[in-house]
Amino acid sequence: METFAFNRFVEMKQSIGWHKDKWLDIENIYISANDRGLKFGDGIFETVLIKKNNAVLIDEHIQRLENSNRVLNMNLNINKSHLKNIISLGIKKLSLKNDQLGSIRINYSRGLNKGRSIRINKDQQEDYKNNLWIEFYIIKPSFSPISTFISQTEKRNQYSLINQCKTFSYNQSIQVLIEANKKLFDDCLILNTADELCCGSTFNILLKRNNVWMTPRKESGCLQGIMVKKAIKLKIIKEELILPKFYNDDILIAINSLSCRQINRVNDIEFTTTFDPKYFWELLYK
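Given the structure is predicted, the values throughout are model-derived calculations rather than measurements.

Draft legend 1. Layout of the pattern of salt bridges. Applying the stated criterion across every chain, the model contains eleven salt bridges. Between lysine 80 and glutamate 66 there is a salt bridge whose closest N-O contact spans 3.6 Å. One end of the pair, lysine 80, is in helix α4 (residues 80-94); the other, glutamate 66, is in helix α3 (residues 58-71), and 14 residues separate them in sequence. Residue lysine 80 is classed as partly exposed on the basis of its relative accessible area of 42%.

Laid out in structure tokens, this is it:
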């Protein structure tokens, strides 16, 4: 009876976490107050879709994690086989049904900070597993349409190396979302300092115009999204310099690894063309 009860408990869990070689409830993963990720946002992460009990495009996500590690001079020495083994075990523990989807968030902090300075202690040697934690969730992807507002307060620095990385620091994204919500929009679009269309608060942008799919070029300062990279590889879209001027028959899409939503309005422009974002999203994941 006890085994049966335990199995039922596992199947009902909506999330589980891994930290320091232990499986824990997400709420029981504790990070030190001296952790640089907590103090300064000095950390990197990746979010991966789980579909049919597999981590989809996991190699591409690990490659981008390695790139973030290199660009930001982090001390993450990724053991790919060990990481993939943890992910495989986590998916099993999440006990997804075949039609359920899940997500994985791989987090890595630079580690503990010594003193009050932001200066990096290069002599500090830590086991990377102390600074790595992984979260697993059951999710429902979002395909609902959204309205967006072009931020008037925040812009992307297209020359910043940080644009190449997924970091813990989401302050700018939070601020533009607050800005949009105050004006009764669902989300926000961000331009770069040259007023070129760049990205959304937490998503990449796809634009279909005159039967051609485009996405803001990487020189705009947008993060190189995994889904966008896949669409470019499939030759579905191409990178372009896109100005924030829209037409009613445009199709504008907000996309990331866990959602694909049609943007039905930007500021005062309402789009009239309908589109099936779920079909498009699933096409990329095939």
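Now, onward.
Draft legend 2. Up close: the environment of isoleucine 237. Inspection of the secondary structure assignment puts isoleucine 237 in the loop between α7 (226-233) and β12 (238-240). Taking C-alpha positions, isoleucine 237 is 8.1 Å from leucine 206, a pair spaced 31 residues apart along the chain. Beyond its immediate sequence surroundings of up to four residues, isoleucine 237 is in contact with Leu206, Trp213, Thr215, Val228, Ala231 and Ile232.

Draft legend 3. Representation of the pairing of strand β11 (residues 212-216) within the structure. Within β11, four of the five residues are buried, which leaves it mostly tucked inside the rest of the structure. In this sheet, β12 lies alongside β11 in parallel orientation, the contact comprising three bridges. Residue pairing for β12: threonine 215 is matched across the bridge by glutamate 239. Regarding the hand of the β-α-β motif, the stretch spanning β11, α7 and β12 is right-handed.

Draft legend 4. How the structure looks around the sheet that holds strand β3 (residues 43-51). Ordered in space as β2-β1-β6-β5-β3-β4, the six strands form an open sheet in which the pairing is antiparallel. Unpaired on one side and paired on the other, β2 (22-24) and β4 (54-55) mark the two borders of the sheet. As paired elements, β3 and strand β5 (residues 101-109) share nine bridges and run antiparallel to each other. Of the residues in β5, the one forming a bridge with leucine 49 is serine 103.

The rules behind each value
Residues numbered from 1 in each chain as written. Predicted model: local features only at pLDDT ≥ 70, side-chain atom pairs only at ≥ 80, totals over all residues. Heavy atoms only, no water. Salt bridge = Lys/Arg side-chain N within 4 Å of Asp/Glu carboxyl O. Helix = DSSP H or I, 4+ residues; strand = E, 2+ residues; numbered from the N terminus. Buried < 20%, exposed > 50% of the residue type's maximum accessible area, 1.4 Å probe, protein only. Contact = heavy atoms within 4.5 Å. Pairing = 2+ DSSP bridges. Right-handed = clockwise from strand over helix to strand, strands pointing away.

Function cannot be read off these values alone, since they describe shape.
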